[in-house]
Amino acid sequence: MQERFRPAIKYFGDIISVGQRLLQGARILGIPVIVTEQYPKGLGSTVQEIDLTGVKLVLPKSKFSMVLPEVEAALAEIPGVRSVVLFGVETHVCIQQTALELVGRGIEVHIVADATSSRSMMDRMFALEVYLKFHPSATEEKNLYFNRIPDFSLPARTFSFHHKLLFPDMDLHRTLQ
């Protein structure tokens, strides 16, 4: 999600907001994050609204897939990694090629649909449709979290974290009483 894409990508502000919440959740939960930037000399760095504090790796790339030797090495260092979460731009190029390459290596991939976009909605939707046809694991941000917290019996800290991250303007404790 680089600066030069801002005027061209549909719903850029929305995907930045969702992406930032995903990164914040990953930091709090201790989930390693790897970031790649497509040709940063020409397209700029990751936008300022995305806080990259604590990410495991930030790499420039020239190929569309983010599966670089450095990324493969970083994934190999993470014990028991079986799945990854992808988000960013452009859905029909970088996200799709990365997803297909990781799936080909036996890694389960979850594409966060509301944190990905393209210049054209047709490109975005077609890429998600093609991916889902063969690898049914696209989701949206809230489902990504709620599928990991199946009920209210979890420790209050865990549930409160998810709630505050996903619904910052809602007082859930008052709602549930």
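So, how was this worked out
- Residues numbered from 1 in each chain as written.
- Predicted model: local features only at pLDDT ≥ 70, side-chain atom pairs only at ≥ 80, totals over all residues.
- Heavy atoms only, no water.
- Salt bridge = Lys/Arg side-chain N within 4 Å of Asp/Glu carboxyl O.
- Helix = DSSP H or I, 4+ residues; strand = E, 2+ residues; numbered from the N terminus.
- Buried < 20%, exposed > 50% of the residue type's maximum accessible area, 1.4 Å probe, protein only.
- Expected span 1.5 Å × (residues − 1).
- Polar contact = N/O pair within 3.5 Å; in protein donor to acceptor, adjacent residues only side chain to side chain.
- Axes fitted to C-alpha atoms, helices over the stretch in contact; angles between N-to-C directions.
- Parallel < 35°, antiparallel > 145°, perpendicular 65-115°, else oblique.
- Left-handed = near helix turned anticlockwise from the far one by under 90°.
- Contact = heavy atoms within 4.5 Å.
- Core = buried A, V, L, I, M, F, W, Y, C linked by side-chain atoms within 4.5 Å.

Engineer: Please clarify how the pattern of salt bridges should be interpreted in this entry.
Structural biologist: Pairing between side chains becomes possible if they bear opposite charge and their charged atoms approach one another. The tally for this structure, following the rule as stated, stands at eight salt bridges. With a closest N to O distance of 3.4 Å, glutamate 77 and lysine 56 form a salt bridge. With glutamate 77 in the loop between helix H3 (69-76) and strand E3 (83-89) and lysine 56 in the loop between helix H2 (40-43) and strand E2 (57-61), the pair connects residues that are 21 residues apart, well separated along the chain. Residue glutamate 77 is classed as exposed on the basis of its relative accessible area, which comes to 56%. Judged by relative accessible area, lysine 56 falls into the partly exposed class, the value being 37%. Note that glutamate 72 is salt-bridged to arginine 105, the shortest N-O span being 2.6 Å. Taken together, the residues glutamate 72 in helix H3 and arginine 105 in the loop between helix H4 (91-104) and strand E4 (108-117) connect sequence positions 33 residues apart. In this structure glutamate 72 comes out as partly exposed when scored by relative accessible area, which is 33%. Taken together, the salt bridges that share partners define one network made up of Lys63, Glu72, Glu101 and Arg105.

Engineer: Can you walk me through the environment of alanine 26 in this structure?
Structural biologist: Along the chain, the position of alanine 26 falls in helix H1 (residues 12-29). Assessed through its relative accessible area of 9%, alanine 26 is described here as buried. Separated by 29 residues in the primary sequence, alanine 26 and valine 55 place their C-alpha atoms 9.2 Å from one another.

Engineer: Looking at this structure, I do not really get helix H5 (residues 121-134). What am I missing?
Structural biologist: Residue pairs three or four apart in sequence face the same way in an α-helix, which turns once every 3.6 residues. The end-to-end C-alpha separation of H5 is 20 Å, in line with the 20 Å expected for 14 residues at 1.5 Å each. Where H5 begins, one side-chain oxygen reaches toward the backbone nitrogen of methionine 122, 3.2 Å away; that side chain belongs to serine 120.

Engineer: Mind showing me how you'd approach the packing of H4 against H5 here?
Structural biologist: Each pair of packed helices gets described by two things: the angle between the helix axes and the distance between those axes. For the pair H4 and H5, interaxial distance at closest approach is 9 Å and the crossing angle is 15°. The angle between H4 and H5 falls in the class roughly parallel. Here the hand of the crossing between H4 and H5 comes out right-handed. Touching Thr91, His92, Gln96, Ala99, Leu100 and Val103 of H4 are Asp123, Arg124, Ala127, Leu128, Val130 and Tyr131, all from H5.

Engineer: Is there a simple way to think about unusual backbone geometry in this case?
Structural biologist: The bulk of non-glycine residues show a negative phi, and the bulk of peptide bonds are trans. For the bond running from valine 89 to glutamate 90, omega is -15°, close enough to zero to count as cis. With respect to the helices and strands, the residue glutamate 90 is situated in the loop between E3 and H4. Look at tyrosine 11: it is not a glycine, yet its phi comes out positive at around 60°. Here tyrosine 11 lies in the segment before H1.

Engineer: Even after reading the chapter, I still don't get H4, so can you show me in this structure?
Structural biologist: Of all the residues in H4, the buried ones are Thr91, Val93, Cys94, Ile95, Gln96, Thr98, Ala99 and Leu102. Buried residues along H4 sit against strand E1 (34-38), E2, H3, E3, E4 and H5. Following H4 by one or two positions, glycine 106 has its phi on the positive side, about 85°.

Engineer: In this structure, what is going on with the nonpolar core? I would like to understand it.
Structural biologist: Across soluble globular proteins, you tend to see nonpolar side chains buried next to one another. Core analysis: the largest hydrophobic core is formed by 20 residues, its most contacted members being Leu75, Leu102, Val109 and Ile111. Those residues in contact with leucine 75 that lie beyond four places of it in its chain are Ile34, Val81, Val84, Leu102 and Ile107. One finds Phe12, Leu23, Ala26 and Ile50 within the second-largest nonpolar core, a separate group that totals 14 residues.

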